[in-house]
Structure formats: C-alpha cells, structure tokens
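# Summary of the model geometry
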Amino acid sequence: MTATHTADSRGTASTTTPAPRLGHSMSPRQLTMMGLGSAIGAGLFIGSGAGIKAAGPAILISYLVAGTLIIIVMWALGEMAAANPNSGAFSVYTGKALGGVAGATVGWLWWCQLVVVIAAEALGAAGLLATVFPVLPVWLMALAFMAVFTAVNLTGVRNFGEFEFWFALLKVAAIVAFLLVGAALLFGWIPSVASPGLSNFTDHGGFAPQGMAGIATGLFVVVFAFGGTEIVSVAAAETRDPARSVGRAVRTVVWRILVFYIGSIFVIAAVLPWTSDGLKSPFAAVLDAAGLPGAATVITLVAVVALLSALNANLYGASRMVFSLAERQDAPRVLAKLTRTRVPAVAVVASVVFGFAATVLELAFPDAVLPVLLNFVGSTCLIVWGSALVSQLVLRRRADTAGEALPLRMRGFPWLTGLGLALLAAIFAVGLVGEDSRIQLLSTFALVAAVAGALALAQRRRSAVTAD
C-alpha cells in the first residue's frame, strides 16, 4: 500500500495512507453456491405449507409471480454489482441514483432487518434441534449458535464462504433427494404406496379453492421466502473476479427457482390436500406419505441447517452493510475498522450484539419481543428490491447516455425493470388489503420515515460543521 501526498489548508505537505480495504478471498465457487442456496431456508422447508393453506395448489401461480420478480431483481443487482462491487451494494447504488439519504436509509433498513432475523434464526434453530435432541436448553443452544458463527465471521471471509458453501450444498442435496422421492411417489414407483396422481389439483375445491383472494394472500406469504438472495451482491465486493462470478451466480437464480422452489411446491401440493394438517411440516409429511422411516427427524435437521446457514449469511451481510455505512460517514467511524485479515471485526460484533440482546429478551418475555421487531422489519425486503430496480433504471440510463461499457448487462431493459416495478406495486397493493400484512407494511413505512428523517438531520448537521 503506497502513501499519498496532499496539501493542507496552510499549504504544507502532509502524508496520508489510504484506509485498508476488504479483501478478495472469497472464491467464485463459494459465491456461486451462496447464490444457489441463499434463499433455500426455513421459508421453503417450513413456511411453504402456509402458502398452500392460503391458496391451495394455485400457490404455484404465486410462486411464479414472486419468482419472476426476484429473477428481475437479481439481474438488476448483478448488473450494478459487476460494474461496481461494493460491500454496501444496493445501498451504494441507491445513493448514487437517488441521493445519499435514500442510500443510507436502505442500508440501515436492511441492517435492522438482518440483526432482528439473526435472533429469530438462532432461537428457531435451537427450538427445532431441541425437538430431536432435548439435551441442552433452548436458550443455551441459541446463544451458542450465535457465538460460533460470530467466531466464523471474525476469522475471515474465506472461512465464512466455506461454511456457506457446505451449508448450501447440503440444502441443495436435500432438495434434490426430496424431488426424486416426490417423483417416485407421484409416478407410483414406490412399492406398496399408492400414487396420489394429480387428484389434489382437481378435488377438495379444485386448483384454486380460495379463488383470486387466496392467490393474492399466498403471494404476500411467498415473497418473503425469497428474502436473502440479495446478499450475493454484497459478497461480490470480496470475491475474486467479481464481474464473472456475479454473472455466474445470477444465472443460477433462474433454474434454482424453477427447479427447487416450483418443483418442491408442485410435489407438496400434489401429495398433500390443501386442508391437510401435514402442511405444518410439509416436507416431512410428503416423506411420511412415501413410507420413509425417520423422515420427520431428517427434515428437521435439514431445517436446522437452513436456519444456521441463514444466521451465518445474515451476520456477514449485516456487518458488511454497516461497515459500508461507516465508510460513507452514515454510521460511527469505528465500525469501519478492519483487522489484519481485513475483517470488519467491530461491525461484526456490533451486528451480533443486538441479536444476543433480542434473544435474551425473547427468552425472558416469550412472544413479546421478536414478533414486534419482526413486524417492523418484515417488509424491508420489498423496500430493498424496489430501490434496486429504481437504481438500476437510473444508473443504466446514465451509463448508456455516457457510452459506458458494462461487464454485465441486463437483457430486456427497460421493459423487464418496468415489469419488476409493476409486480412490486401489485404486491404492495395486495399487502395493503390484508389486515395482518397492512399492519406490517405500515410499520415498515413508519420505520423508513423515522430512519430517513434521522439521517437527513444528521447529514444537515455534518454539512453545518463542515461549513464552520
């Protein structure tokens, strides 16, 4: 690292050393697998049953709509991340397109969402594991999970990437095995087990027993299952050859959604009636229907892995986002400090401290803390996706006007970006109709207003100090 020479206000030369930067030790293999497994979490393994209960087999339409939206968002993020890999990702791109306050607001919203979800995932994984191995109390396992993955994140991005690689590989293997069992069950290839065929698509009220209202309700449930995919754009900043790596990771999103999500939901909806109690744990219920012993235990352990994978990734994403905010002076500067291994250790610790506190409070006051916090940040992913699409629309036009060559270009621009914004507007409209989702959306809007107001005030004060 070389020193640079500048002149101060008195005309004397001064020497400054550039601040250390994040490393680039994450391999393309790790980023690609992170892109493959980032959205395969508890939302699919456990939450998919809620969507089927809301819409019946027509939940497939909800998944196709939400899947189309996230594919467009990932292409938009991929284009911007390949051109400007930055740990602030969509926060930085929003700042460039819409102004510093908007960019910082999106960054802080995403950070708030992740640190709350970290606590929820630790408690969820501990609670599930306790049903299989009730040896240690839930609170102890939850705190142990957070301590372990804090240590993983403090040792360097390469270790984080390796953990995520194997976590994602295990989840992908579980989904592939499930699809194979489901295909064998539906085609009648399992001895002594009758195939349900496609009768559940016509019986029990038909394909859409709850009509368009059920599909709309299911859409708002489904969209949050895809939350977390955007972390690939954050990790691009620490990946070797980010332009090529991001492009490869984004391309996996398309077939992952079509095969893993749509395929899994098709199998579940075909095997289980939408009125079935087995939808509380849909994957386990399908495996039980196939006559596989120990299926519930296996799928519970896979769900635990999915939650721990998400905890690990969310801690990584939260620390990098608040590090980027500190670099832009939208967070305390101490959060931008790096260790010798180029890890923002203070940012990692600050991000997990809130998770520890929320976990302790939730254990002391069950169902009184996390539900309230999750209500405020539950719709944050929609704000992030919207900011990404608007930013890509603005920045792409600027690049095209200036004649800039982009390493990765989103096809179908601007029509696909417009389609993504239209789908997002429809989801907001659906959410405002439902009572529970309306409360969640309005809570998130209130949080957006509060964060934006605080950042605008802080920026005004900084400007006044600079002027003085």
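A short tour of the structure in this document, coming up.

What counts as what
- Residues numbered from 1 in each chain as written.
- Predicted model: local features only at pLDDT ≥ 70, side-chain atom pairs only at ≥ 80, totals over all residues.
- Heavy atoms only, no water.
- Helix = DSSP H or I, 4+ residues; strand = E, 2+ residues; numbered from the N terminus.
- Rg over C-alpha atoms; globule rule 2.2 N^0.38 Å.
- Buried < 20%, exposed > 50% of the residue type's maximum accessible area, 1.4 Å probe, protein only.
- Contact = heavy atoms within 4.5 Å.
- Areas by Shrake-Rupley, 256 points an atom, 1.4 Å probe, with all protein chains shown as cover.
- Lys, Arg positive; Asp, Glu negative; His and termini not counted.
- Charge placed at Lys NZ, Arg CZ, Asp CG, Glu CD.
- Expected span 1.5 Å × (residues − 1).

For the protein chain, the count of helices and strands is 18 helices and two strands. Taking 2.2 N^0.38 as the reference for a compact globule, 468 residues should give roughly 23 Å; the C-alpha atoms of the protein chain span a radius of gyration of 23 Å, in line with that estimate. Buried residues in the protein chain amount to 52% of all 468 residues. Within the protein chain, contacts between residues at least 6 apart in sequence are counted, and of these 78% link residues at least 24 apart. Put simply, the protein chain shows about 19500 Å² of open surface, and 68% of that area lies on carbon and sulfur atoms. Each charge class in the protein chain was averaged separately, 28 positive and 20 negative side chains, and the resulting centres sit 10 Å apart.

Turning next to helix H13 (residues 295-327). Counted at 1.5 Å a residue, the expected span for H13 with its 33 residues is 48 Å, and the 48 Å between its end C-alpha atoms agrees. Across the 33 residues of H13, 27 count as buried, placing the element largely inside the fold. After H13 finishes, the residue Gln-329 shows a positive phi value of roughly 65 degrees.

What follows concerns the environment of Val-259. Secondary-structure assignment places Val-259 in helix H11 (residues 242-271). Note on Val-259: relative accessible area 38%, which makes it partly exposed. Ignoring anything within four residues of it in the chain, the contact list for Val-259 reads Leu-179 and Ser-264.

Shape is all these values report; function is a separate question.
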